[in-house]
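Geometric and topological summary
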Amino acid sequence: GRILWSQSGVLQAAVNNIDPVKFQALINEFKRLTRLPLLPLRNTKQVELERFYKGNRVLLRFRFIPGKHGEQITLQVLRGAALTFYQQQQVTRIGQDAVGTAKRLQGKIGELQSRLEAYPKQSTSRQASLPELKQMLLNLEDQVDALNEVVLPEMDNDVSSPG
């Protein structure tokens, strides 16, 4: 086994000829930390963990890669500007996922409405879900309002006042 350390793509150090048993023990410790099974993986698996180091937030990105000579692992440590960029990407991705889910929900509610209008006599047994649906929508509205309270002050800070 061998361990390579690079920073910003530049090789900084290398430790070669690590005893295979010790090297596998190191991989197993990383698997325990990321809650992966200790058995050799069949497919590449990536796990991300956020932690604090010396009071600063860091992201640990583990990539476990099966290989013909045993498992390999890469560990990226994101902090500072790289972590900020990663967090912005995550917020964008989660926001897009939420909008997609909301569109699917809107479609399902439209489908339900059409069915209830088409078959009004059979709708009484189905109406039991309407109070639950209404409550969930109210809860979602409260969550969106809470998001607005977080986002709007941030947007106010981004707007520069005239000189």
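That block above? That's the structure.
Below is a summary of the structure that appears in this document. (Residues numbered from 1 in each chain as written. Predicted model: local features only at pLDDT ≥ 70, side-chain atom pairs only at ≥ 80, totals over all residues. Heavy atoms only, no water.)

**Side note on the overall build of the protein**
The helix and strand tally for the protein stands at three helices and five strands. Mapped in sequence order, the helices and strands of the protein form the string β-β-α-β-β-β-α-α. By residue count, 14% of the 163 residues in the protein fall in the buried class. Long-range contacts, defined as pairs at least 24 residues apart, comprise 26% of the intrachain contacts of the protein with a sequence gap of at least 6. A total accessible area of about 13600 Å² is found for the protein, and carbon and sulfur atoms account for 56% of it. (Helix = DSSP H or I, 4+ residues; strand = E, 2+ residues; numbered from the N terminus. Buried < 20%, exposed > 50% of the residue type's maximum accessible area, 1.4 Å probe, protein only. Contact = heavy atoms within 4.5 Å. Areas by Shrake-Rupley, 256 points an atom, 1.4 Å probe, with all protein chains shown as cover.)

**Description of the pattern of salt bridges**
Think of it this way: side chains of opposite charge can pair up when their charged atoms draw near. Tallied over the entire structure, the rule returns six salt bridges. Between Asp 97 and Arg 93 there is a salt bridge, with the nearest N and O atoms lying 3.1 Å from each other. Of this pair, Asp 97 and Arg 93 are both found in helix α2 (residues 80–118), four residues apart, which corresponds to roughly one turn of the helix. Look at Asp 97 and you get partly exposed, because its relative accessible area is 41%. (Salt bridge = Lys/Arg side-chain N within 4 Å of Asp/Glu carboxyl O.)

**Side note on the nonpolar core**
One finds Leu 36, Leu 41, Val 47, Leu 49, Val 58, Leu 60, Phe 62 and Phe 64 forming the largest nonpolar core, which totals eight residues. Listing elements by their share of this core, those giving two or more residues are β3 (45–53) and β4 (56–65). Excluding residues within four positions of it along the chain, Val 47 makes contact with Thr 34, Leu 36, Leu 60, Arg 61 and Phe 62. (Core = buried A, V, L, I, M, F, W, Y, C linked by side-chain atoms within 4.5 Å.)

**Focus on the sheet that holds β4**
Here three strands make up an open sheet; going across it, the order is β3-β4-β5 and the pairing antiparallel. Of all the strands in the sheet, just β3 and β5 (72–78) have a single pairing partner and so form its edges. Sheet twist, expressed as the mean angle between neighbouring strand axes with direction ignored, is 20°. In this structure, β4 lies alongside β5, joined through seven bridges in antiparallel fashion. Residue Phe 64 lies in a different strand from β5, and its bridge partner there is Ile 73. Across the sheet, helix α1 (residues 20–33) is in contact with β3, β4 and β5; its angle to β4 comes to roughly 120°. Lying on the sheet, α2 is in contact with β3, β4 and β5; it crosses β4 at an angle near 75°. (Pairing = 2+ DSSP bridges. Axes fitted to C-alpha atoms, helices over the stretch in contact; angles between N-to-C directions.)

**Here's the deal with a nonpolar patch on the surface**
Residues Ile 3, Val 15 and Leu 26 make up a contiguous nonpolar surface patch of roughly 220 Å² in combined accessible area. In this structure, Val 15 sits in strand β2 (residues 10–15). Judged by relative accessible area, which is 45%, Val 15 ranks as partly exposed. (Patch = residues over 30% accessible without salt bridge, like charges linked within 9 Å, V, L, I, M, F, W, Y side chains within 5 Å.)

**Things to note about unusual backbone geometry**
Negative phi is the rule for most residues except glycine; trans is the rule for most peptide bonds. In the Ramachandran plot, Arg 35 falls in the positive-phi region, its phi being about 60° despite a non-glycine side chain. Looking at the secondary structure, you find Arg 35 in the loop between α1 and β3.

**A closer look at the side chain of Thr 34**
Here Thr 34 shows up in the loop between α1 and β3. Here the side chain of Thr 34 touches Phe 30 through a polar contact of 2.9 Å, landing on its backbone oxygen. Setting aside chain neighbours within four positions, we find Thr 34 in contact with Val 47, Leu 49, Phe 62 and Phe 64. (Polar contact = N/O pair within 3.5 Å; in protein donor to acceptor, adjacent residues only side chain to side chain.)

**Quick notes on the pairing of strand β1 (residues 3–7)**
As paired strands, β1 and β2 are joined by five bridges and run antiparallel to one another. Residue pairing across strands places Ile 3 opposite Val 15, the latter belonging to β2. The hairpin turn running from β1 into β2, its antiparallel successor, is two residues long, and Ser 8 in that turn takes a positive phi close to 55°.

Geometric descriptors of this kind do not, in isolation, establish any biological role.
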